[in-house]
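Spelled out, the chains give:
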Amino acid sequence: MTDQVGIDDIHAAREMLRDITLTTPMEGARWLSAMAGGPVRLKCENLQRTGSFKARGAYVRIARLSEDERAHGVVAASAGNHAQGVALAASTLGITSTVFMPEGAPIPKEKATRGYGADVVFHGRYLEDSLAAAREFAERTGAVLIHPFDHVDIVAGQGTLGLEVLEQAPDVRTVLVPTGGGGLLAGVAIAIKAMRPDVRVVGVQAEGAAAYPGSLAAGHPLALDSMSTMADGIAVGRPGDITFAAVRDHVDEILTVSEESLSRALLALVERAKQVVEPAGAAAVAAMLDNPTGFETPAVAVLSGGNIDPLLLSKVIRHGLAAAGRYLYLRVCIPDLPGGLASLLTEISEEGANVLEVAHERISPSLTLNEVEVRIQLETRGEAHADHLRARLRERGYRVDD
């Protein structure tokens, strides 16, 4: 078996997937288009079966197993999306599956994986820990390891998304792809560059789990010492050998985005596009929000997955609201006299801000005997509104600190 994936492999994978996966929608994004100065579209792979692109590669890989290999079952390691893809493919083909997940993997992803028929085992803190346990299980039981990204069949399956992008947006000039181990980015880049070498392909990683920039600079895959990101779907500490070579040869640029940018992108997608995505799935949009005019349009941002824990979604939304200036936390010194707090709250009310929480602090070296510090959390309409409120309070003689 060669380690190279070509356009013929991707076309063959598409035939295998014709009645298995969905051709997911390509939606316009007028709000992003206005910022970018040209058309921007969203490839909604969050609406794929199992909630992410992973079902494409997993099915192609498992469907090509021999009868003897199928008899021993399959095993995988995944934070959740690949797990669901493997579980669905295995159950569809009548094969047993076991999935090793990092401890702390999102509960909905675990439940969905079990729901598709897989046995789930938690092991280790990072995906690499789970992958080591999956390899040991494969050696012990004879089960076939279905790697989450570093296999030619996986890359070919993910590459079918690139074919759909070219068909749904034939005028595209730039494609942005969330990137972890690189299976999706590699497949999409191979497909697009084979048919439209003029299209710019950009991979986007979370800053706290960005293994590709250093690896590309070194000329070979390097493992990160540690990772820290809420984007568990792209939290991969080392590029694969096959995916690294494809990314090196076919991808134009790798960008990184902060946790704040991911939060803002996720919130914007909920508010403006009515799309629920996980943090990893919002990475391409985060890159566009960081530099709206930095990409030639028409541009396509891939929403790679939508499997998010509702608890995490609520936290990310709150974080995104704070990053967008919709939540404001202030410390205000007021006279320690009857009516002092009421006067402050009147000013805030007249400015149209909503009070969420109030606390008093009377013991501080920075306060005089006749002062009290009020710590107040507010809901505003955005950064401009928050700035206007600060200015108003200072004009009224209040000492205001963020």
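Shown above is the structure to which this text applies.
Turning next to helix H1 (residues 7-17). Of all the positions in H1, only Ile10, Ala13, Arg14 and Leu17 are classed as buried. Down the axis of H1, the buried side of the element spans an arc of 105°, and every buried residue falls inside it. Those residues of H1 hidden inside the fold are in contact with helix H3 (54-63), helix H8 (152-168) and helix H9 (183-195).

Moving on, we come to the sheet that holds strand S12 (residues 354-361). Taking strand neighbours across the sheet as the criterion, the four strands line up as S12-S13-S11-S14 in an open arrangement whose pairing is antiparallel. Two strands close off the open sheet at either side, each with one partner strand: S12 and strand S14 (399-401). Sheet twist, expressed as the average angle between the axes of neighbouring strands with direction ignored, equals 25°. Looking at chain direction, strand S11 (residues 327-335) and S14 are connected through three bridges and run antiparallel. Looking at the pairing, arginine 331 lines up with aspartate 401 of S14. Each of S11, strand S13 (371-379) and S14 touches helix H16 (residues 383-395); the most contacted strand, S11, lies at about 5° to it.

Ile62, Val74 and Val175 are the most contacted members of the largest nonpolar core, which has 59 residues in total. If we skip the residues at most four places from it in the chain, valine 74 touches Ile62, Leu65, Val86, Ala90, Ile95, Thr96, Ser97, Thr98, Ala143, Val144 and Ile146. Grouped together as the second largest cluster of nonpolar side chains are 37 residues, Leu42, Val257, Ala282 and Val285 included.

Before going further, it helps to spend a moment on unusual backbone geometry. For the bond running from threonine 297 to proline 298, omega is 0°, close enough to zero to count as cis. Residue threonine 50 is not a glycine yet carries a positive backbone phi of 70°. Its identity as a non-glycine residue notwithstanding, lysine 274 has a phi of 60°, on the positive side. Within the secondary structure layout, lysine 274 lies in the loop between helix H12 (259-273) and helix H13 (283-290). We classify lysine 274 as exposed; its relative accessible area is 62%.

Once that is clear, we can look at H16. Between its terminal C-alpha atoms H16 stretches 18 Å, which fits the 18 Å expected from 13 residues at 1.5 Å a residue. Every buried residue of H16 is accounted for by His385, Ala386, Leu389, Arg390, Arg392 and Leu393. Projected down its long axis, H16 shows its buried positions confined to an angular sector of 165°, all on one face. Along H16, exposed side chains directed more than 90 degrees from the buried face belong to Ala384 and Glu395. Of the surrounding elements, those touching the buried residues of H16 are S11, helix H15 (340-351), S13 and S14. Phi turns positive one or two residues past the end of H16, at glycine 397, with a value near 95°.

Attention now moves to the sheet that holds strand S5 (residues 119-122). Strands sit in the order S5-S4-S3-S6 across an open sheet of four strands; the sheet is parallel. Taken across any chain shown, the strands that pair with only one partner, and hence form the sheet edges, are S5 and strand S6 (144-145). As defined by bridge partners, strand S3 (residues 74-77) adjoins S6 across two bridges and the pair is classed as parallel. Bridge assignment links valine 74 to a residue of S6, and that residue is valine 144. Along the sheet face, helix H6 (residues 107-115) touches strand S4 (97-101) and S5 and points at about 145° away from the line of S5.

This paragraph deals with the pattern of salt bridges. All chains considered together, the criterion is met by 30 salt bridges. A salt bridge links arginine 390 to aspartate 387; the nearest nitrogen and oxygen atoms lie 2.7 Å apart. Of this pair, arginine 390 and aspartate 387 both sit in helix H16, three residues apart, which is roughly one turn of the helix. Residue classification places arginine 390 among the buried positions, given a relative accessible area of 15%. Look at aspartate 387 and you get partly exposed, because its relative accessible area is 47%. Via salt bridges that share partners, Glu347, Glu350, Glu351, Arg392, Glu395 and Arg396 belong to a single interconnected network.

Taken as a whole and judged by the stated rule, the model has one aromatic pair. Look at phenylalanine 100 and phenylalanine 137: their rings are 5.7 Å apart centre to centre, the planes differ by 65°, and that puts the pair in the edge-to-face class. Remark: phenylalanine 137 occurs in helix H7 (residues 127-141) and phenylalanine 100 occurs in strand S4; sequence separation between them is 37 residues. Accessibility assignment for this pair places phenylalanine 100 and phenylalanine 137 in one class, buried.

Calculation notes
- Residues numbered from 1 in each chain as written.
- Predicted model: local features only at pLDDT ≥ 70, side-chain atom pairs only at ≥ 80, totals over all residues.
- Heavy atoms only, no water.
- Buried < 20%, exposed > 50% of the residue type's maximum accessible area, 1.4 Å probe, protein only.
- Helix = DSSP H or I, 4+ residues; strand = E, 2+ residues; numbered from the N terminus.
- Arc of directions from axis to C-beta.
- Contact = heavy atoms within 4.5 Å.
- Pairing = 2+ DSSP bridges.
- Axes fitted to C-alpha atoms, helices over the stretch in contact; angles between N-to-C directions.
- Core = buried A, V, L, I, M, F, W, Y, C linked by side-chain atoms within 4.5 Å.
- Expected span 1.5 Å × (residues − 1).
- Salt bridge = Lys/Arg side-chain N within 4 Å of Asp/Glu carboxyl O.
- Phe/Tyr/Trp six-rings, centres within 6.5 Å; stacked < 30°, edge-to-face > 60°.

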